[in-house]
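# Results of the structural survey
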Amino acid sequence: MVFGLLAMLFAWKADDFVRWWVTQAETMVSAGLPPEITASERDRLATAFAGLRAALIAGAAEPSALAGLQRDLGAAVRGAQEKTLDRATVLRLIETMEAIAAARPTPA
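In what follows, the accompanying structure is described. (Residues numbered from 1 in each chain as written. Predicted model: local features only at pLDDT ≥ 70, side-chain atom pairs only at ≥ 80, totals over all residues. Heavy atoms only, no water.)

## Concerning a nonpolar patch on the surface
Together, Phe17, Val18, Trp20 and Trp21 make up an exposed nonpolar region whose accessible area comes to about 400 Å². Relative to the elements of secondary structure, tryptophan 20 occurs in helix 1 (residues 2-31). A residue is classified by how much of its surface remains accessible, and tryptophan 20, at 48% relative accessible area, is partly exposed. (Patch = residues over 30% accessible without salt bridge, like charges linked within 9 Å, V, L, I, M, F, W, Y side chains within 5 Å. Areas by Shrake-Rupley, 256 points an atom, 1.4 Å probe, with all protein chains shown as cover. Salt bridge = Lys/Arg side-chain N within 4 Å of Asp/Glu carboxyl O. Helix = DSSP H or I, 4+ residues; strand = E, 2+ residues; numbered from the N terminus. Buried < 20%, exposed > 50% of the residue type's maximum accessible area, 1.4 Å probe, protein only.)

## Observations regarding the nonpolar core
Residues Val29, Leu45, Leu93 and Met97 are the most contacted members of the largest nonpolar core, which totals 24 residues. Elements supplying a minimum of two residues to this core: helix 1, helix 2 (39-58), helix 3 (63-82) and helix 4 (87-102). Residues in contact with leucine 45, not counting those within four places in the same chain, are Val29, Ser30, Leu33, Leu93, Ile94 and Met97. (Core = buried A, V, L, I, M, F, W, Y, C linked by side-chain atoms within 4.5 Å. Contact = heavy atoms within 4.5 Å.)

## Regarding the pattern of salt bridges
Following the criterion strictly, the structure yields five salt bridges and no others. Between glutamate 26 and arginine 53 there is a salt bridge whose closest N-O contact spans 2.8 Å. You can see glutamate 26 sitting in helix 1 and its partner arginine 53 sitting in helix 2, a full 27 residues away along the chain. Exposure remark for glutamate 26: the relative accessible area of 15% places this residue in the buried category. A salt bridge links glutamate 98 to arginine 44; its shortest N-O distance comes to 2.8 Å. Remark: arginine 44 occurs in helix 2 and glutamate 98 occurs in helix 4; sequence separation between them is 54 residues.

## What to know about helix 3
Taking 1.5 Å of rise per residue, the 20 residues of helix 3 would be expected to cover 28 Å, and the 29 Å separating its terminal C-alpha atoms lies within 8% of that figure. Every buried residue belonging to helix 3 is among Gly68, Leu69, Asp72, Leu73, Gly74, Ala76, Val77, Gly79 and Ala80, and all of these are buried. Positioned one or two residues after helix 3, lysine 83 has a phi angle of 60°, which is positive. (Expected span 1.5 Å × (residues − 1).)

## A word on the environment of alanine 48
Structurally, alanine 48 can be placed in helix 2. For alanine 48, a relative accessible area of 4% translates into the label buried. For the pair formed by alanine 48 and alanine 99, sequence separation is 51 residues and the distance between their alpha carbons is 9.1 Å. Setting aside its immediate chain neighbours within four residues, alanine 48 contacts Ile94, Met97 and Glu98.

Below, the structure is given as structure tokens:
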């Protein structure tokens, strides 16, 4: 019974958790950006994170796209933590988040 209640609580709060995690990831990635990232790329990264959060809130993120997000965001967070984050990883993350924000879910 306890597990059932926990599962219901998680399902109810899952969206809040995902948005919180995305905000935490943005903080980590932004703090660990390599020096070769330009000001316009930093702005584009911030805009991409905002677009991703908006897509998640609206429920407009395609589940198939979230696997790529998990891969690219995970790589960027790891790189930021290990001080190995490179420009190519940041640009790939930006492109992934922009694609999710621009996509519209396919009607079932």
